[in-house]
Amino acid sequence: MDASWWDDAVVYQVYLRSFFDANGDGIGDLAGLRNQLPYLSALGVDAVWLNPCYTSPQRDHGYDIADYLTVDPSYGTMDDFRALVADAHESGIRVLMDMVANHCSDQHAWFVEALASAPGSPSRERFLFRDGRGAGGELPPNNWQSVFGGPAWSRVTEADGSAGQWYFHAFDPGQPDFNWRNPDVADYFDEVLRFWYSLGVDGFRIDVAHGHFKQVELNDWPGAEDDSGGHNYDMWDQPEVHEIYRRWRALGAEGPGEEKYLVGEIWVPSLERLAAYLAPDELHAAFSFELLVQPWDAARMARAVRLSLDQAKRTGTRQAWTLANHDVHRPATRYGQQQLLEDALPTDMIAAARRTGEADLDLGVRRATAAAMLQLALPGSVYLYQGEELGLPEVLDLPDDARQDPIWLRSAGAELGRDGCRVPMPWEADAQSFGFSPAGAAAPWLPQPPVFSELAVDQQDGVAGSTLSRFREAIRTRRDHFDPDAELAWLDSGHAELLAFTRGASACVVNFGDTDLALPTSWSAELVLASAPISVGGDVLAIPANSAAWLRIDRVAAASAGPVQADGVHQDSPFPLLESTAP
Ligand code: NOJ
Ligand code: CA
């Protein structure tokens, strides 16, 4: 297999709306990102992934696209986009966009046309319109539920004013699902991909890549109404979906220029099913959410790494590791919470990564930095979510009236939703909106908490021992220590709470425990980098509690035992994400 840039890339996820606001309307924009490219260069990232920035009514902040061929005016112009791509490339940073092809916005021209057309017309065939059940068609066509809560069907009013058909939406009613069995849809997306590739985009993150097709008959799924029926196998991961990726893989290799990269967001019930998406003629990678859903526990983390690597080996692909994104609570908060193991059996990613409750943020940041060093030492690519490098916490106490996530709105406040990880970035402690917007600007679209002041970029930049400095150093030096082709071998440190492995001449150790743990002297370990202050001297190197270190080691016997098989490992399913499909 030839090496490709994405094999070991560090990709920085930019939630554009919250990154940097150049024009002062309180909303991050393309020009703002362009201004801050030097920050990303200094961080050492290889690529950015932009959350959707196409024209959108922003019901789900860009995951509801009204026009796939323009950028949203609130983010800037097409010229801003071109300038951003040019400058990013100039800085050696590749640009990935987000392809949302399972659904569009209810304001997309096709959907507007479908609503104005009669039932059964070709325009309606591009979506999933059905007659309702019951005498007057007043009941939804089946019992499927939307990921954001409530029925996955909404009823339309026909052009003559009568109550009409229903359309299917896996997410918000503002996000009608396409009918991918209609050839118009596939042709349309070919055009969309080609358009952005022609502007220099280097690839796509594919939104709900296991969606797109639904079981053709759309029968009821027993227990779907109250979630007692488990994973709805008819709503996701249908065999036809693979045709899309074969088509897109070929399209991305057409040229001109280098092959375009495709990474999928995929939630499926087994690693075997996931592997199907990584066939040599489909996606290059799929996010490995295994680490993200684990609690702070050596055995669980080690097992997650092992299973993911086994899977990568089977498919001949590289892992795309991630601990954070715009859909889950931030790691600094997650790892600072009391995480009971029983509570942490993540059959459901939302429960696993969206817990609320008290958090010890000092502890959380300390652990999150260690976890970042763990993933940066693993073979494969790493996806960082903006603000992770500052140790930003989840903002759990946003005022109710500030919240905008459809999860919050559709659950009538029963679920907080995802606004708390989307709060605008703090750049300067003493500036208005912590430097997110220029002086005199409108308030940021979500309010920032006071704690963002001490975490602002200008408080951490160049400061030894700051979270930002530790991230920078780890990102910038990982390839010097861990040869991208070096395989991982587990080490048995003699401590159940110390996860340890080598890759080539370097090792990574993570102490998940609450006490310092001494490394075996036989390792002759020399410290390279640590996630927390560590004292070196004497014969024994001790790894502080809740921290990670990279080491150069002379010679140690790699063992397959160690934390992976320690007591307390749950042997049930090899893949924890069995039951639910997360947004
Ligand atoms: C997954 C995205 O990451 C999430 O933010 C979005 O709400 C859903 N897909 C629907 O597009
Ligand atoms: Ca702006």
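For the structure, check the block above.
Everything quoted here is computed from the prediction, not taken from an experiment.

The rules behind each value
Residues numbered from 1 in each chain as written. Chains lettered and ligands numbered in written order. Predicted model: local features only at pLDDT ≥ 70, side-chain atom pairs only at ≥ 80, totals over all residues. Heavy atoms only, no water. Helix = DSSP H or I, 4+ residues; strand = E, 2+ residues; numbered from the N terminus. Expected span 1.5 Å × (residues − 1). Buried < 20%, exposed > 50% of the residue type's maximum accessible area, 1.4 Å probe, protein only. Polar contact = N/O pair within 3.5 Å; in protein donor to acceptor, adjacent residues only side chain to side chain. Donors = N, O, S within 2.8 Å, 3.2 Å for Na, K, Ca; no water. Pairing = 2+ DSSP bridges. Axes fitted to C-alpha atoms, helices over the stretch in contact; angles between N-to-C directions. Right-handed = clockwise from strand over helix to strand, strands pointing away. Near = heavy atom within 4 Å. Areas by Shrake-Rupley, 256 points an atom, 1.4 Å probe, with all protein chains shown as cover. Nonpolar A, V, L, I, M, F, W, Y, C, P; charged D, E, K, R; others polar. Core = buried A, V, L, I, M, F, W, Y, C linked by side-chain atoms within 4.5 Å. Contact = heavy atoms within 4.5 Å. Parallel < 35°, antiparallel > 145°, perpendicular 65-115°, else oblique. Disulfide = S-S within 2.5 Å. Phe/Tyr/Trp six-rings, centres within 6.5 Å; stacked < 30°, edge-to-face > 60°. Lys NZ or Arg CZ within 6 Å of the ring centre and 35° of its normal. Lys, Arg positive; Asp, Glu negative; His and termini not counted. Salt bridge = Lys/Arg side-chain N within 4 Å of Asp/Glu carboxyl O.

Asker: Sorry if this is basic, but what is going on with helix H5 (residues 183-198) here?
Answerer: An α-helical turn contains 3.6 residues, so any two residues separated by three or four positions project in the same direction. Under the 1.5 Å per step criterion, the end-to-end length of H5 is 23 Å for 16 residues, consistent within 8% with the ideal 22 Å. Residues of H5 that are buried include every one of Val-185, Ala-186, Tyr-188, Phe-189, Asp-190, Val-192, Leu-193, Trp-196 and Tyr-197, and no others. For H5, the side-chain oxygen to backbone nitrogen distance between the N-cap and Asp-184 is 2.8 Å, and the N-cap itself is Asn-182. Immediately beyond the C-terminal end of H5, within one or two residues, lies Gly-200, with a positive phi of roughly 100°.

Asker: Sorry, what's going on with the coordination of the calcium ion (ligand 2) here?
Answerer: Under ideal tetrahedral coordination, the four donors around a metal are separated by 109.5 degrees; under ideal octahedral coordination, the six donors are separated by 90 or 180 degrees. Around the calcium ion (ligand 2), the donor atoms from the protein are Asp-21 (OD), Asn-23 (OD1), Asp-25 (OD), Ile-27 (O) and Asp-29 (OD), and they sit 2.3 to 2.4 Å away. Binding-site remark: the calcium ion (ligand 2) is held by donors from one chain whose sequence spacing is D-x1-N-x1-D-x1-I-x1-D.

Asker: Help me understand the sheet that holds strand E10 (residues 261-264) in this model?
Answerer: Neighbouring strands of a sheet are bound in pairs by backbone hydrogen bonds; such pairs are parallel or else antiparallel. Around the barrel, eight strands lie side by side as E1-E2-E5-E9-E10-E11-E12-E13; this closed barrel has parallel pairing. The average angle at which neighbouring strand axes cross in this sheet is 30°, direction not considered. Both strand E1 (residues 10-14) and strand E2 (residues 47-50) contribute to a ladder of four bridges, which runs parallel. Looking across to E2, one finds that Val-14 is bridged to Leu-50.

Asker: What is the right way to look at the pairing of strand E11 (residues 285-288) in this model?
Answerer: In regular strands, side chains alternate between the two faces of the sheet. Where E10 and E11 come together, two bridges link them in parallel fashion. Across the sheet, residue Gly-264 finds its bridge partner in E11, namely Ala-286. Handedness of the E10-helix H7 (residues 271-277)-E11 crossover: right-handed. Here E11 pairs with strand E12 (residues 320-322) via two bridges, running parallel.

Asker: Sorry, what's going on with the site of ligand 1 here?
Answerer: Not every one of the 13 residues close to ligand 1 is listed here, only the nearest: Asp-60, Asp-207, His-326, Asp-327 and Arg-418. Asp-60 is positioned such that a nitrogen or oxygen atom in its side chain is 2.5 Å from an oxygen atom of ligand 1. In the model, an oxygen atom of ligand 1 is placed 3.0 Å from a nitrogen or oxygen of the Arg-418 side chain. Within the complex, the protein chains bury 100% of what would otherwise be the 300 Å² of accessible surface of ligand 1. Of the residues belonging to the shell around ligand 1, the class tally is four nonpolar, two polar and seven charged.

Asker: What am I meant to see in the nonpolar core here?
Answerer: For soluble globular proteins, nonpolar side chains are generally found buried alongside one another. Counting residues in each nonpolar core, the largest one holds 146 residues, and the members touching the most others are Phe-81, Phe-189, Trp-196 and Trp-248. Residues in contact with Phe-189, not counting those within four places in the same chain, are Tyr-68, Met-99, Val-100, Ala-101, Phe-178, Trp-180 and Trp-248. Ranked by size, the runner-up nonpolar core spans 16 residues in total, among them Phe-148, Ala-170, Phe-171 and Ile-407.

Asker: What should I look at first to understand the sheet that holds strand E20 (residues 547-552) in this one?
Answerer: With antiparallel pairing, the five strands of this open sheet are ordered in space as E14-E15-E16-E20-E18. The open sheet has two edge strands with one neighbour each: strand E14 (488-490) and strand E18 (526-530). Ignoring which end each strand starts from, the neighbouring axes of this sheet average 30° apart. In this fold helix H8 (residues 298-315) packs onto E14 and strand E15 (498-503), with an angle of close to 145° to the strand it touches most, E14.

Asker: Explanation requested: the packing of helix H11 (residues 361-377) against helix H15 (residues 467-481) in the structure shown.
Answerer: Geometry of a packed helix pair, given as the angle between the helix axes and the separation of the axes. Axis separation between H11 and H15 bottoms out at 10 Å; the angle between their running directions is 5°. By the angle between their directions, the pair H11 and H15 is classed as roughly parallel. Within the contact between the two elements, H11 uses Val-365, Thr-369, Ala-372, Met-373 and Leu-376 and H15 uses Thr-467, Arg-470, Phe-471, Ala-474, Ile-475 and Arg-478. When the residues that make up the contact of H11 with H15 are grouped by side-chain class, the tally is seven nonpolar, two polar and two charged.

Asker: Can you walk me through the state of the cysteines in this structure?
Answerer: Disulfides are covalent bonds that connect the sulfur atoms of two cysteines. Counted by the stated rule, this structure contains zero disulfides. Cysteine Cys-53 shares no disulfide, and the gap to the nearest cysteine sulfur, in Cys-104, comes to 17 Å. Its relative accessible area of 1% is what places Cys-53 among the buried residues.

Asker: Please explain the packing of aromatic side chains as it appears in this structure.
Answerer: For any pair of aromatic rings, geometry is given as the distance between the ring centres together with the angle between the planes. Under the defined criterion, the tally for this structure stands at 42 aromatic pairs. Pairing Trp-49 with Tyr-383 gives two aromatic rings, centres 6.3 Å apart and planes at 70°, and the pair type is edge-to-face. In this pair, Trp-49 sits in strand E2 while Tyr-383 sits in strand E13 (residues 381-385), placing the two residues 334 residues apart along the sequence. Across the pair, exposure class does not vary: Trp-49 and Tyr-383 are buried alike. Where Phe-111 meets Phe-129, the ring centres are 5.8 Å apart and the plane angle is 15°; that geometry is what we call stacked. With Phe-111 in helix H4 (residues 109-116) and Phe-129 in strand E6 (residues 129-130), this pair connects stretches of sequence that are 18 residues apart. Across the pair, exposure class does not vary: Phe-111 and Phe-129 are buried alike. One residue, Arg-126, lies across the ring of Trp-110, its end atom 4.1 Å from the ring centre. The positively charged end of Arg-403 is found above the aromatic ring belonging to Trp-408, 5.4 Å away from the centroid.

Asker: In this structure, what is going on with the side chain of Arg-503? I would like to understand it.
Answerer: Within the secondary structure, Arg-503 is located in strand E15. Despite its burial, Arg-503 remains without a salt bridge, the nearest opposite charge being carried by Asp-483 at 6.0 Å. At 2.7 Å, the side chain of Arg-503 and the backbone oxygen of Ala-377 are in polar contact. A polar atom in the side chain of Arg-503 sits 3.5 Å from the backbone oxygen of Pro-484. Residues within four places of Arg-503 in sequence aside, it is in contact with Ala-377, Leu-378, Pro-379, His-481, Phe-482, Asp-483, Pro-484, Asp-485, Ala-486, Glu-487 and Leu-488.

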